[in-house]
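# Examination of the molecular architecture
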Protein chains: 4
Amino acid sequence: MSGPNHSCGVAGIASASDVVSSLQKSLMIIQHRGQESAGITVFDKGELQTVRDNGLVHAVLTDESIAHLRGKVGVGHVRYSTASSKSVLNAQPMTVGTGFGAVAVAHNGDITNYDELVGGYKARGASFLTESDSELVAAVLGKHMALHNDPVKAMKGMMGELEGSFALVIMINDRLFGMRDPYGLMPLCIGGIEGGHIIVSESAAVDALNGTFIRDVAPGEIVEVMHDRFVPHQAVTHRHKAHCMFEWVYFARPDSVIDGREVYDVRKRIGEILAKECPADVDMIMPIPDSGRAHAIGFSIASGIQYEEGFMKNRFAERTFILPDQSERELAVSMKMNPIKSTVKGKRMVIVDDSIVRGTTLKKLISMLRVAGAKEVHVRVGSPPVVAPCYYGVDMRSRDQFVANGHTLDEVRDIIGADSLGYISIEGLIAAIGKPEGDLCLGCVNGKYPTRIPGEAERFQSTLMSDF
Amino acid sequence: MSGPNHSCGVAGIASASDVVSSLQKSLMIIQHRGQESAGITVFDKGELQTVRDNGLVHAVLTDESIAHLRGKVGVGHVRYSTASSKSVLNAQPMTVGTGFGAVAVAHNGDITNYDELVGGYKARGASFLTESDSELVAAVLGKHMALHNDPVKAMKGMMGELEGSFALVIMINDRLFGMRDPYGLMPLCIGGIEGGHIIVSESAAVDALNGTFIRDVAPGEIVEVMHDRFVPHQAVTHRHKAHCMFEWVYFARPDSVIDGREVYDVRKRIGEILAKECPADVDMIMPIPDSGRAHAIGFSIASGIQYEEGFMKNRFAERTFILPDQSERELAVSMKMNPIKSTVKGKRMVIVDDSIVRGTTLKKLISMLRVAGAKEVHVRVGSPPVVAPCYYGVDMRSRDQFVANGHTLDEVRDIIGADSLGYISIEGLIAAIGKPEGDLCLGCVNGKYPTRIPGEAERFQSTLMSDF
Amino acid sequence: MSGPNHSCGVAGIASASDVVSSLQKSLMIIQHRGQESAGITVFDKGELQTVRDNGLVHAVLTDESIAHLRGKVGVGHVRYSTASSKSVLNAQPMTVGTGFGAVAVAHNGDITNYDELVGGYKARGASFLTESDSELVAAVLGKHMALHNDPVKAMKGMMGELEGSFALVIMINDRLFGMRDPYGLMPLCIGGIEGGHIIVSESAAVDALNGTFIRDVAPGEIVEVMHDRFVPHQAVTHRHKAHCMFEWVYFARPDSVIDGREVYDVRKRIGEILAKECPADVDMIMPIPDSGRAHAIGFSIASGIQYEEGFMKNRFAERTFILPDQSERELAVSMKMNPIKSTVKGKRMVIVDDSIVRGTTLKKLISMLRVAGAKEVHVRVGSPPVVAPCYYGVDMRSRDQFVANGHTLDEVRDIIGADSLGYISIEGLIAAIGKPEGDLCLGCVNGKYPTRIPGEAERFQSTLMSDF
Amino acid sequence: MSGPNHSCGVAGIASASDVVSSLQKSLMIIQHRGQESAGITVFDKGELQTVRDNGLVHAVLTDESIAHLRGKVGVGHVRYSTASSKSVLNAQPMTVGTGFGAVAVAHNGDITNYDELVGGYKARGASFLTESDSELVAAVLGKHMALHNDPVKAMKGMMGELEGSFALVIMINDRLFGMRDPYGLMPLCIGGIEGGHIIVSESAAVDALNGTFIRDVAPGEIVEVMHDRFVPHQAVTHRHKAHCMFEWVYFARPDSVIDGREVYDVRKRIGEILAKECPADVDMIMPIPDSGRAHAIGFSIASGIQYEEGFMKNRFAERTFILPDQSERELAVSMKMNPIKSTVKGKRMVIVDDSIVRGTTLKKLISMLRVAGAKEVHVRVGSPPVVAPCYYGVDMRSRDQFVANGHTLDEVRDIIGADSLGYISIEGLIAAIGKPEGDLCLGCVNGKYPTRIPGEAERFQSTLMSDF
């Protein structure tokens, strides 16, 4: 609940039959990746048709609003805005007319050299109607299409220009492509569905369409997806990957499988390791719903201490409290969560959360537990202290907002008012995920980034082994 | 999740300072009791001011929409329509001008002799602009005020005319009253808050306002609530009560305390008794989120079998899926819930739900579990089979909709596709609630109703011991 | 343009076929009588169906919104609110359930003894949900139906209780009635249309339905309208009538015929008489569009001076400027009207308007003419000075707002900045209308009212010759 | 009323103080030039701020919606869509980021070589998010800015690339420019207002701001507008001009002065010449309101026959009837207009309209006059028969829609059901306008176009005498 906000979710489907309804469902399934705008673009009778607007999927893509959409290939997008502008102009998919046809772009991630690239294009006379990465992607694609007149070659060219994180779904007329940045920062996977294929941010969308998960798109890979097959093209191969660890900790749905690791299981394992690294002598283990449940169950299993749902979460909270200002957040917490007095009264407890960013919500929750009669409140956190910004699409840009920055563990414990505080270690987290440290992006917890960021440490020398 | 829909929530506050914001918060906390319309009426400068409309509290009662409301006494309402009409005319609080002042009525329940009473009033020349119980309540109140010219006497008169269930909050100019039907079918409680008192459907609202729970309003009691005190008047005393058992099973928030029983604890106890009455040899216990969690934890404790969150519930589900037609419900289930494959694959499991009405959702969920690889799926239900209609405000009017009606246990098990099926017994439920059978309304599970209902068995002879 | 605002328009149709579309059209035609809310109620399959909301007819009664309405009898209403409350609760037709069926009431006018009557009903225990005359009408009707159980007798009873102005269209189940107050203050007429009959505020609506005007409803008359005939009942007969003179001067459409007098012709005749009563030595005659055109043409004919359209009226003005505050009105004038420089420059002119209430608009227009180079601006007004309030439904309640009150003719001329100012005389107006003075309501220009108004002079002793 | 639809209106203001409110007013005044979308862009604190949306000015640019806009320079736009797409993406002003700053473009007209130009840009890798001329204008401007790095030089370059009609208001950061196509097809003028200057489609907007008309922008001229002065640059000078004659006949407001000719006076003169060219022996002259009034007054003056307002036009018609389908138009006519029976009955009349395109409205009006008892109906038209498409921004693209195409005068008379029909001659129209034939665009009435149009006759050889 107290976690950071993610940037976007993308989906594309090619099928022997109409894809509109399946795209709509896919976006509902990945709604958690972006609640600011939603959109679908399909290719039909030689042109693109798009419905996109600010709002949630169910509000923007109603049965009425999409009734006129038809197409056997299409892309979809849900957006959480990391940029300042919330203009509906930025709603995606972004659609442009080009010399090689109508193009739709759906993007998840952050192009870190956006200013550089846009500056270059503008200097050559180009103008930009939006401030979205997607319009830049279209411009870069256009340049390379003008050079190569071949989508795959053009996308390989793009892969060489774009820096940062990107999971892209691109439609050029009726051809559908997916591509993932060279380090695989953002997730993207391929599934088989009845009559076709889907390319989407999370595998749970494949399940919801009663489809079959095929595989993740590889970092640096371009995939052309057709209704009856898909054709992969490896554009860039780095020795290491840099999967965002927060996908497993918090962002992704627990029922998704990201780069070969089941999210729910990773979270339970985080809880188990946390119970070993930071044990506590308490009467019960409580999650912060909804995101802390799997971690708490793991903690309960490893510790042998009873799991209890000691917080009541208002099931209308997502509707009710998505809008309030920063200043109203603390107040909103009490509308959103209420401790169950009979459960917590007189008890010593561990509460488990996925992460601490600002710590304000947690502070309020602990205070509510004390008012309800809790005897001891011990906080255990499923990710190491967040101390550095994310430049790849997560809404954590400023160091100032991190409570762990410039405070010792004990100070943070005192700030939030806990009896004890324990974070999982970086090693513990890596073990829970089950991937080599070298294949994860841990930038926000260790300050080392996979790509160059002005003023930040770069994790490794870029050693490209591209195929062009 | 699969439970029936409730009718309404009510709140009233009298304070030394402005009550608008507190009423708004109270309604957010009891939003689960009605999502169709919301409203607040306050008394200020000699007249009532009202904001009410169709929609959720956060949408109807925005900071902007209520900015002009001021008052030290007010009432609020959230409504789930049991009647056909969804006209905004029926939005509550209902406000009327009368010979004794401006009156606002907020009602939870169903007046079972509505037709009789309305018919009588119409025959004497009265006309009704709405088909809401509240307008009838105003008419009955008006008649008795014309006779007695005293609110308490008039409400005692009302208590003698109205049959069925009613938890009423009534404001007459700046005087605030609560009253509860003679059997206490619907909940209503009193709390002390900073500077005043609240009278509200559920105690969780008192907590959310940092208030102190005082006591439940007694069945048949009228309470006048003032900022600095409250004055009770016992209008009718029956030997028995008839609290709706579904409040503990499903309706009320787990953090509320209803008529002296903590809801979360009752639910856990239901799970424990269920584990004893209907044990199962399985690998894990899974709740149907969100409503089955406490029951499942109780089952896990009593059985010693591991609790797991095997379903991922879409946290936007409340927004997304509140509207679909009956025919779209099955489809909607897969948008709302997804089994976590890695957790359920190859496992034998108990899934715990609060109740079964139609059984369609459960059938779909079980089928999804099987697709995800579940080896055995055993269903355990926290309430006895629902076989009879509710006439007191719950949206279960027709026997035809109950899957348990006309089917044996084994047949229901086969219909939903479970490996085994177990309901808690009526005795078990009574024990879990911890009240005498005679003090509960079990009409929907045993067909015996506390008040006369044409064509239905009446539970007991009315033995009034009223004070007038 | 600068005239007062009217209160309402009403319509009812009984037909052998569906009436919804015809009602919708009728209301569009009488839209000028009320722009605040619009509504239609039809009787179908034993019950009333209603669509009503705040807004203009085309916005409230869209083809979509009324698609579900069906019925062979129905009533419609457009409302301009004279009361403070703009609540959608007050939108008409008002529909109520009664002991004798479902009733819909559409009302034009003002019940002057509203407070007295409502007070009496409240004292007997009745409550009122709205502050609209129509709910009172329903209550009065209900009382008399309870006594007589016959609609015509009940309406005769109503005629004895209600004071003030009322043109009512009332539907009791599938029976449709029209009635007009004893002095005929508000217009109401009957027309034959294909397959049925219409009863409506203005005859232009009959034309727009390609129907045939039959006759005006007589003052004090009740008419039952059926698809194949209509049955009149004379309830009250006064020696004199009191038709509102402003209907001919300003309110009614120029293409309507009110109580036997063609509106456009009356206006031209006003202009002709005005030219004789207040001649001017000028180069051209200009109307204030749109309402002053017919008067100006009459003036031009009688004076032999050239007619010119020297003001450009923004044809979006009705949309654009309906909302501004009083304080923004002067500014709004320049958005709404612009003098045509080449036409007015260096010219002496008469500008003709229907009436002067506040005079602020006229003052601004004259100043604009001077800026545009007009040499002389002479104002001629198609109604005598408005000096007294209207109690019958026109939005002129306070003496303070009338510029003619407490100012001499010369003072008013100076206030508005004209070179000369001339009003038609009361005699001239009476002559132009062509009815005896005794049959007109001239209350706002001579302060004598047809009914008792506390504190105002009554025009004649009520000499009822009712038939009961 | 029955005239064609225009494409757009533009405005730009540079002032020593805030321009937002003045822009809002200007757009209200030129609202008749486009009702589909409206928008304002201002430059403030180094960036552009824009409010634009589909809808009328008063609905899009409300006091609330523009409250946050501030700026001493800004542009505004109202749009009537000639293209198929009504996407809000096409709402103007179009704003783009470029290498030389933030640019806003407001465009009136049609770029006839749009496809050619866009094709060329796309071939070089550019992509286009919209199908609006304005994005193309931005791209062309961008190219020339990259070459010259000087706005005036760049606009001169644009003038050489763009074909067709264009009146452009362009803001580059805080510099404001106006430019008009080499033939001056679309109007554009400069005015002085308090504290600054305005550049706008019609002079009436200058009047409404209490400003002073300075002069028209010359064809082929670029003007930089500053708060305290303006700097003209003549980019292209053609021997002839080609002002659209329909501006005087119908499009422009009667209170505007276009290229030195007062619109109202031209219209009156048209009526006078028409009366001489096509006299009629009738009892009265009637305009089709609102657009035919000035023509009818001229006809009345020249013929000495009485002017009458025989049609009542519903003053809510603009709101009510802007949406209906083609198929509903005939029906809508009777909602919009009603003959005044007492005026037309038994009379012989001329009805004067500005133009005939399809003739369907006129046919319906004549039929209504006959039903109302008109004895003879003679139609006189203020423009010659429209027989050829307009390629410069007017919504008359297909020859099939013109009733005058392929029908003789007598046939058209019979189609519309008139007793006689007379159009003004081309010579008469030219005389009324008072400009040489060579300086007018008469393409739609003589089929000769000032610029090359594939498949159409070109009026004259382009003989450029540009200054670069």
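The structure we're discussing is the one just above.
Residues numbered from 1 in each chain as written. Chains lettered and ligands numbered in written order. Predicted model: local features only at pLDDT ≥ 70, side-chain atom pairs only at ≥ 80, totals over all residues. Heavy atoms only, no water.

We now examine the overall build of chain A. Across its full length, chain A carries 16 helices and 25 strands. Here the C-alpha radius of gyration of chain A, 22 Å, is about what a compact globule of 468 residues would show, namely 23 Å. In terms of overall dimensions, chain A has a C-alpha envelope of 70 × 50 × 40 Å along the principal axes. Taken over 468 residues, chain A has a buried fraction of 66%. Relative to all contacts within chain A whose residues are 6 or more apart in sequence, the contacts with residues 24 or more apart total 67%. With an accessible surface of roughly 15500 Å², chain A has 49% of that area assigned to carbon and sulfur atoms. (Helix = DSSP H or I, 4+ residues; strand = E, 2+ residues; numbered from the N terminus. Rg over C-alpha atoms; globule rule 2.2 N^0.38 Å. Buried < 20%, exposed > 50% of the residue type's maximum accessible area, 1.4 Å probe, protein only. Contact = heavy atoms within 4.5 Å. Areas by Shrake-Rupley, 256 points an atom, 1.4 Å probe, with all protein chains shown as cover.)

Moving on: the relation of the copies chain A and chain B. By a simple turn and slide, chain A fits onto chain B: the slide is 0.0 Å along the axis, the RMSD is 0.0 Å, and the turn is 180 degrees. Viewed as a symmetry operation, the transformation between the two copies matches a two-fold axis. The residues that chain A uses at the interface reappear at the interface of chain B in 100% of cases, marking a shared surface. (Least-squares fit on C-alpha atoms with pLDDT ≥ 70 in both.)

The next subject is the relation of the copies chain D and chain C. The two copies are related by a screw operation: chain D maps onto chain C through 180 degrees of rotation and 0.0 Å of translation along the axis, at an RMSD of 0.0 Å. Of all interface residues in chain D, 100% are interface residues in chain C too; the two copies therefore contact each other through one and the same surface.

Turning next to the sheet that holds strand S5 (residues 94-98) of chain B. All names here are of chain B. In space, the six strands of this open sheet follow the order S5-S6-S7-S8-S12-S13, with antiparallel pairing throughout. Strand pairing shows two members of the sheet lacking a second neighbour, S5 and strand S13 (230-234), which therefore form its edges. Mean inter-strand twist for the sheet, computed between neighbouring axes without regard to direction, equals 20 degrees. Contacts between helix H4 (residues 133-148) and the sheet are confined to S5, strand S6 (101-111) and strand S7 (164-172), with S6 contributing the most and set at about 125 degrees to the helix. (Pairing = 2+ DSSP bridges. Axes fitted to C-alpha atoms, helices over the stretch in contact; angles between N-to-C directions.)

This paragraph deals with the arrangement of the chains. Separating chain A from chain C is a minimum C-alpha gap of 14 Å, and the two share no contact. At the C-alpha level, the nearest point of chain B lies 14 Å from chain D, with no contact between them.

Moving on, we come to the interface of chain A and chain B. The interface is formed by 46 residues belonging to chain A together with 46 residues belonging to chain B. Regarding the contact of chain A and chain B, the summed buried area is about 4600 Å², with carbon and sulfur atoms giving 58% of it. Note that Glu308(B) is salt-bridged to Lys268(A), the shortest N-O span being 2.5 Å. In this structure, the connection of chain A to chain B is made through 14 residue pairs in polar contact (both at pLDDT 80 or more). Of the residues belonging to the side of chain A that touches chain B, the class tally is 18 nonpolar, eleven polar and 17 charged. (Buried area = accessible area lost by both parts, 1.4 Å probe. Salt bridge = Lys/Arg side-chain N within 4 Å of Asp/Glu carboxyl O. Polar contact = N/O pair within 3.5 Å; in protein donor to acceptor, adjacent residues only side chain to side chain. Nonpolar A, V, L, I, M, F, W, Y, C, P; charged D, E, K, R; others polar.)

Residues and elements named next belong to chain B. Where helix H3 (residues 114-123) is concerned, the buried positions are Tyr 114, Leu 117, Val 118 and Tyr 121. Projected down its long axis, H3 carries its buried residues within an arc of 95 degrees, all on one side. Away from its buried face by more than 90 degrees, H3 exposes Asp 115, Glu 116 and Ala 123. Tucked into the core, H3 has its buried residues touching S6, H4 and helix H5 (151-161). Just beyond H3, the residue with positive phi is Gly 125, at close to 105 degrees. (Arc of directions from axis to C-beta.)

The partner chain C presents 46 residues to the 46 residues of chain D that form the contact. When chain D packs against chain C, close to 4600 Å² is buried across both sides, 58% of that on carbon and sulfur atoms. Joining chain D to chain C, the criterion identifies six salt bridges. Joining chain D to chain C, the criterion identifies 14 residue pairs in polar contact (both at pLDDT 80 or more). Within the residue set of the side of chain D that touches chain C, elements represented by two or more residues are helix H1 (20-29), helix H6 (203-208), helix H8 (263-277), helix H9 (293-303), helix H10 (317-320), helix H11 (329-336), strand S19 (337-339) and helix H12 (341-344) of chain D.

Turning our attention to the pairing of strand S2 (residues 37-44) of chain B. All names here are of chain B. Counting buried positions over the eight residues of S2 gives eight, a clear majority of the element. Pairing between S2 and strand S3 (residues 47-54): eight bridges, direction antiparallel. Paired with Phe 43 across the two strands is Leu 48, which belongs to S3. The hairpin turn running from S2 into S3, its antiparallel successor, is two residues long, and Lys 45 in that turn takes a positive phi close to 50 degrees. Bridge count for S2 against strand S4 (residues 73-79) is six bridges, and the pairing is antiparallel. Bridged to Ser 37 within S4 is Arg 79.

What follows concerns the pattern of salt bridges. Applying the stated criterion to the full structure yields 92 salt bridges over all chains. A network of salt bridges, in which partner residues are shared, links Asp290(A), Arg293(A), Glu309(A), Lys313(A), Asp290(B), Arg293(B), Glu309(B) and Lys313(B).

Turning to the packing of helix H3 (residues 114-123) of chain D against helix H4 (residues 133-148) of chain D, a few remarks are in order. All names here are of chain D. Packing of H3 against H4 leaves a shortest axis separation of 11 Å and a crossing angle of 55 degrees. It follows from the interaxial angle that H3 and H4 lie oblique. As for the relative orientation of H3 and H4, their crossing is left-handed in sense. Listed contacts from H4 to Tyr 114, Leu 117, Val 118 and Tyr 121 of H3 are Asp 133, Leu 136, Ala 139, Val 140 and Lys 143. When grouped by side-chain class, the residues that make up the contact of H3 with H4 number seven nonpolar, no polar and two charged. (Parallel < 35°, antiparallel > 145°, perpendicular 65-115°, else oblique. Left-handed = near helix turned anticlockwise from the far one by under 90°.)

All names here are of chain C. Burial analysis of strand S5 (residues 94-98) places five of its five residues in the buried class, the great majority of the element. The alternating pattern of S5 places Met 94, Val 96 and Thr 98 and Thr 95 and Gly 97 on opposite faces, both of which are buried. Here S5 pairs with strand S6 (residues 101-111) via five bridges, running antiparallel. Residue pairing across strands places Thr 95 opposite Ala 104, the latter belonging to S6. Between the antiparallel neighbours S5 and S6 lie two residues.

Time to look at the environment of Leu162(D). Residues and elements named next belong to chain D. Tracing the backbone shows Leu 162 in the loop between helix H5 (151-161) and strand S7 (164-172). With relative accessibility at 4%, the residue Leu 162 sits in the buried group. For the pair Leu 162 and Pro 182, spaced 20 residues apart in the sequence, the C-alpha separation amounts to 9.8 Å. Sequence-distant contacts of Leu 162, defined by excluding residues within four places in its chain, comprise Ile 111, Asn 113, Leu 117, Val 137, Val 140 and Leu 168.

Here the focus is the packing of helix H8 (residues 263-277) of chain C against helix H15 (residues 426-433) of chain C. All names here are of chain C. At a minimum axis distance of 8 Å, the contact between H8 and H15 shows a crossing angle of 145 degrees. Seen along the crossing, H8 lies across H15 with a hand that is right-handed. Residues Val 266, Arg 269, Ile 270, Ile 273 and Glu 277 of H8 form the contact with H15, whose participating residues are Gly 428, Leu 429, Ala 431, Ala 432 and Ile 433. Here the residues of the contact of H8 with H15 sort into seven nonpolar, one polar and two charged.

Next up on the list: the sheet that holds strand S21 (residues 376-381) of chain D. Remark on secondary structure: sheet strands pair via backbone hydrogen bonds, oriented parallel or antiparallel. Residues and elements named next belong to chain D. Strands sit in the order S17-S20-S21-S22 across an open sheet of four strands; the sheet is parallel. Either end of the sheet is taken by a strand with one partner, and the two such strands are strand S17 (284-287) and strand S22 (420-423). Going across the sheet, the axis of each strand differs from the next one's by a mean of 25 degrees, ignoring polarity. Direction of pairing for S21 relative to S22: parallel, over a ladder of four bridges.

Moving on, we get to the environment of Ser203(D). Residues and elements named next belong to chain D. Locating Ser 203 in the fold gives a position in helix H6. As a C-alpha pair, Ser 203 and Ser 26 span 177 residues in sequence and 9.9 Å in three-dimensional space. Excluding residues that lie within four positions of it along the chain, Ser 203 makes contacts with Cys 189, Phe 213, Asp 255, Ser 256 and Val 257.

What follows concerns unusual backbone geometry. Following Pro289(B), the chain continues to Asp290(B) via a peptide bond in cis, the omega torsion being -5 degrees. Mapped onto the fold, Asp290(B) is located in the loop between strand S17 (284-287) and helix H9 (293-303). Even without being a glycine, Asn173(C) presents a positive backbone phi close to 50 degrees. With respect to the helices and strands, the residue Asn173(C) is situated in the loop between strand S7 (164-172) and strand S8 (175-180). For Asn173(C), a relative accessible area of 23% translates into the label partly exposed. For Asp259(D), which is not glycine, the phi torsion reads 45 degrees and is therefore positive. Along the chain, Asp259(D) falls in the loop between strand S15 (257-258) and strand S16 (261-262).

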